[in-house]
Every structure is written in C-alpha cells, then in structure tokens.
Amino acid sequence: MPEQIEKIRQQALSDIGRCRSEKELENVRHKYLGRQDGQLTAILRQVSRLPEDQRQATGSLANRTRAEVEQAWQKKKAGIVNAGATQAGYFDITVPGTKPATGHLHPLTRIRLEVQEIFKSMGFMVQEGNELTDLYYNFLSLNFPENHPAMDSYDTFFIKEDPKQKIELEKRQVMRAHTSNMQVRIMEKNKPPLKVIVPGRCFRNEATDASHDHTFHQIEGFVVDENISIANLVYTQKVLLSKIFGQEVKVRLRPGYFPFVEPGFELDCSCIICGGQGCSVCKRTGWVELIPCGMIHPKVLESAGYPQGKYTGFAFGMGWSRLAMMKYEIDDIRLFMGGDLRFLQQF
Ligand code: DAH
C-alpha cells in the first residue's frame, strides 16, 4: 500500500500543478480528496482494515500525504484567485497609494489676496474693473491732454474700428493700459469718503523682456476725502509694504511725473534683499522703486464731478507683478503668464 500512496501523491501533485482555472482545480480536489470517491479518502478508509502491524505506519503516511496534497491545492488556488483578481482590477489597500495632485493658487493670486486683506483691514473696498475701456477713462479723464506725448509711452492697444464709422476720440475703444482707468469711473458712481483698490490686468504693446510683458498686473488704489494729505499716502504705503514683506521697511519719495497727480512721486522701499546695504537687486542703492503715486490732480476730481476745492486725495499704482517678483524672488515677468507648469508648481 505505501507504493500505491506514493503513486497517488505524485499524480495528485502533478495534476494540481497543471491546473489553469478554479474549475480544473475543483475537479482535481474531487478526484483525490473528495469525500465519496477521492482516491486518498478511499485509502484512508482502507487503513482501518489493515493488519495491526501495518496500520499505524500506513495510516500516518496516508495522513501526511493527504495534508501535503491539501496544502499544494490551497496554494495553487490562492495563486489562481489572485491572478484573476489583479486582472479584474483588484487592488491591495495596504499598498501606499499615489498622492492625487491638488491644485494651488497662482503666485499672482496669492499676492493679490494678501494685498486685498491688508487694504480691507484699512477700510478699502476692492473693485474689479473694465479691461476693455475707452480713451476717455484710460487717458482723457485723467488729465492727459489730447495727443499728449505721455500717451505714447503707454503703447496702447486700440480696437480695430470700421473706417467708415466716425468715432469720437473719447469713445475709441482700447485695452486698458493701466488700472488707473477705473479712477473716474468709480468716483462718478461713489461720493467721498472713498477708499478703493482695483487689482487688474493691463495691456501694452511692449517689446517683451525679463521685466516687461504685453499683459501685466497692477493694483490701482485711491483715497478721496476732505483733508487727505501726503502723510496719509506715505503711512498707507508703509503699512502695506511692511505687512507684505513681513518686516518694517523704510520708504522715501522722489518726484515723478504723471498727468493725473500733482505733486507726483516715485515711492521707493528700502531693499528687503540686502536690508538697504546695497545689492544687485537694488542696483547698489539700498532702495527699490516700487510704487508710483501722488496727490490726485484737481482736474481728475473735476472729471468725477466733485465740487471744486472740497476734496483732496491720493492715488497709487502698484506693479502687482513686480511685487510678486520681489516677494518670491522671480527674475522674469514672462513666467507669470507663460503657462510653464514647472514654474507654477513651485508655489
Ligand atoms: N497708471 C500709472 C502707470 O501705469 C501708474 C500710476 C502712477 C498710478 C501714479 C497712480 C499714480 O495712481 O498716482 O504707469
């Protein structure tokens, strides 16, 4: 009988090894381990009828063989089930997953939200404005005389017009060259006291380089009330810049020319990179030119329809892109609108 058991063992193991499906495996189980006609089951049944001296040895051989076949069968079954499951999309929840990519804010949006919060805390309202505007709001209402050479420096994009239609100069459609285009529009609709910022995109027909792009971002701001002075202007800018850069900064004013302010200034900020010692960013001067500004020209208040001499105000036009470049140490303005994910993913 031991030879017979050995023969069944070999046969069973080889049959199991050849199985390719669960169905085939079930048949093999039936053939060797089945309760009714399984070959090993039959052997075990016969053991009890063996003479006493053979019974124990044969019985334990038959039991060991049965256990071995059972184990091989289970192993094969697990292999077939797993292979099928993988094909069917089964996944192991204990395997570390792939992190889904989450979106994040564009660096310009981050700066805008920060600037807005600071201004809101000082009582300013935030207004978005028209990107498509006309020559009146972009220039003429802001005390640019018709054909004034200052308009040339803005390299404005004009909207193509039908040459047969005669359009008044004021009404000619342009893409705004600065967010100052919202000054008079907002003043017309609101009475002082007025504290507003206008973050927005501007467009100029520029030859692009590391610090110029045809599409760029500015934040215009203005305050109109009785008795507004240059001191209010300086204080507001100092608070803003200190908060943005997270450190106390110094500011200074130099004369600057813009038709819509009188006096007009260039506001410089002590260089945050070198702390005012002089470096390549501040061109060794310790100061960075950051915010053109000034006291609103009486002609602009007149365009808004405010009573003559009643109000004064200050205005400023921050280079929002510039501010982001300073804060995040970005050396090329074109990166903002270039759509290069390698750049954007760093924020
Ligand atoms: N709009 C000007 C520009 O784009 C910047 C500017 C200068 C805005 C002085 C102001 C200001 O409000 O007072 O060049």
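Residues numbered from 1 in each chain as written. Predicted model: local features only at pLDDT ≥ 70, side-chain atom pairs only at ≥ 80, totals over all residues. Heavy atoms only, no water.

## Some details on helix 8 (residues 230–245)
- The terminal C-alpha atoms of helix 8, which comprises 16 residues, lie 23 Å apart, in line with the 22 Å expected from a rise of 1.5 Å per residue.
- Taken residue by residue, helix 8 has Leu233, Thr236, Gln237, Val239, Leu240, Leu241, Ser242, Ile244 and Phe245 as its buried positions.
- On its buried side, helix 8 packs onto helix 5 (107–121), strand 6 (251–255), strand 7 (261–270), strand 8 (287–296), strand 9 (312–319) and helix 10 (320–328).
- Once helix 8 finishes, Gly246 follows within two positions and takes phi at roughly 70°, a positive value. (Helix = DSSP H or I, 4+ residues; strand = E, 2+ residues; numbered from the N terminus. Expected span 1.5 Å × (residues − 1). Buried < 20%, exposed > 50% of the residue type's maximum accessible area, 1.4 Å probe, protein only. Contact = heavy atoms within 4.5 Å.)

## Considering the packing of aromatic side chains
- In the structure shown here, the tally under the stated rule is 13 aromatic pairs.
- The aromatic ring of Trp73 is capped on one face by Arg29, whose charged end is 4.5 Å from the ring centroid.
- One residue, Arg185, lies across the ring of Tyr137, its end atom 4.3 Å from the ring centre. (Phe/Tyr/Trp six-rings, centres within 6.5 Å; stacked < 30°, edge-to-face > 60°. Lys NZ or Arg CZ within 6 Å of the ring centre and 35° of its normal.)

## Structural notes on the domain arrangement of the protein
- Here the protein is partitioned into domain 1 (2–87) and domain 2 (107–344).
- Taken over C-alpha atoms, the centre of domain 1 sits 87 Å from the centre of domain 2. (Domains from an automatic or database assignment.)

## A few points about the environment of Ala177
- Its location among the elements puts Ala177 in the loop between strand 3 (173–175) and helix 7 (183–189).
- Separated by 27 residues in the primary sequence, Ala177 and Arg204 have C-alpha atoms spaced 5.7 Å apart.
- In this structure, Ala177 is in contact with Asn138, Phe139, Tyr154, Thr156, Cys202, Phe203, Arg204 and Phe216, ignoring residues within four places of it in sequence.

## Some thoughts on the site of the ligand
- The full set close to the ligand counts 16 residues, and His178, Ser180, Arg204, Gln218 and Glu220 are the nearest of them.
- For the ligand, an oxygen atom lies 2.7 Å from a polar atom in the side chain of Glu220.
- In this structure, an oxygen atom belonging to the ligand sits 3.2 Å away from a main-chain N or O atom of Ala315.
- If you map the ligand onto the pockets, it falls in the largest pocket.
- Elements that contribute at least two residues to the shell around the ligand include exactly strand 5 (215–225), strand 8 and strand 9. (Near = heavy atom within 4 Å. Polar contact = N/O pair within 3.5 Å; in protein donor to acceptor, adjacent residues only side chain to side chain. 1 Å grid on protein atoms, 1.4 Å probe; cavity = no way out; pocket = protein on both sides within 12 Å on 5 of 7 lines; lining within 4 Å. Sits in = over half its atoms within 2 Å of the grid points.)

## A short note on the layout of surface pockets
- Size it by volume and the largest pocket reaches roughly 1300 Å³.
- Around the largest pocket sit 47 residues that line it, and Ser211, Glu289, Leu290, Gly319 and Arg322 are the ones nearest its centre.
- Elements with a contribution of two residues or more to the lining of the largest pocket: strand 5, strand 6, strand 7, strand 8, strand 9 and helix 10.
- With seven residues, strand 8 is the single largest residue contributor to the lining of the largest pocket.
- Residues that form the lining of the largest pocket fall into these classes: 21 nonpolar, 13 polar and 13 charged.
- Approximately 210 Å³ is the volume attributed to the second largest pocket.
- Lining the second largest pocket we find 15 residues, and of these His297, Pro298, Leu301, Gly309 and Tyr311 sit closest to its centre. (Points joined across faces, edges and corners; volume = space filled by probe spheres on them. Nonpolar A, V, L, I, M, F, W, Y, C, P; charged D, E, K, R; others polar.)

## Observations regarding the pairing of strand 8
- In terms of burial, strand 8 is a largely internal element, seven of the ten residues being buried.
- Alignment of strand 7 against strand 8, held across eight bridges, turns out to be antiparallel. What sits directly across from Glu266, in strand 8, is Pro292. (Pairing = 2+ DSSP bridges.)

## Some points on the pattern of salt bridges
- Counted under the stated rule, the structure contains 17 salt bridges.
- Of the charged contacts, one joins Asp268 and Arg252 as a salt bridge, the two residues approaching to 2.9 Å between their closest N and O atoms. Placement of Asp268 in strand 7 and of Arg252 in strand 6 is noted, with a sequence separation of 16 residues between them.
- Assessed through its relative accessible area of 2%, Asp268 is described here as buried.
- For the salt bridge of Asp332 with Arg334, the shortest nitrogen-to-oxygen distance reads 2.9 Å.
- Asp332 sits in the buried class, given a relative accessible area of 16%.
- Here the salt bridges share partners, and the residues they tie into one network are Arg252, Arg254, Asp268 and Glu289. (Salt bridge = Lys/Arg side-chain N within 4 Å of Asp/Glu carboxyl O.)

## Structural notes on the packing of helix 1 (residues 2–18) against helix 3 (residues 39–47)
- Two elements in contact, helix 1 and helix 3, have axes whose closest approach is 10 Å; the angle formed by their N-to-C orientations is 160°. Between helix 1 and helix 3, the angle is such that the two are roughly antiparallel. The handedness of the crossing between helix 1 and helix 3 comes out as left-handed. Contacts between helix 1 and helix 3 involve Gln4, Ile5 and Ile8 from the former and Gln39, Leu40 and Ile43 from the latter.
- Grouping the constituent residues of the contact of helix 1 with helix 3 by class yields four nonpolar, two polar and no charged. (Axes fitted to C-alpha atoms, helices over the stretch in contact; angles between N-to-C directions. Parallel < 35°, antiparallel > 145°, perpendicular 65-115°, else oblique. Left-handed = near helix turned anticlockwise from the far one by under 90°.)

## Section: the confidence of the model for the protein
- Looking at the protein as a whole, its pLDDT mean stands at 90, while 97% of the residues score no less than 70.
- Averaged pLDDT values for the elements of the protein fall to 84 in helix 4 (residues 52–87) and rise to 98 in helix 9 (residues 298–303). (pLDDT = per-residue confidence, 0-100.)

## Some details on the sheet that holds strand 9
- Within the open sheet, the seven strands sit side by side as 1-4-5-9-8-7-6. Their pairing is mixed. Unpaired on one side and paired on the other, strand 1 (125–126) and strand 6 mark the two borders of the sheet.
- Relative to strand 7, strand 6 is paired through five bridges, and the arrangement is antiparallel. By the bridge assignment, Arg254 is partnered in strand 7 with Glu266.
- Against the sheet, helix 5 touches strand 1, strand 4 (194–203), strand 5 and strand 9, its axis set at about 165° to strand 4.
- Across the face of the sheet, helix 8 comes into contact with strand 6, strand 7, strand 8 and strand 9 while running at roughly 145° to strand 8.

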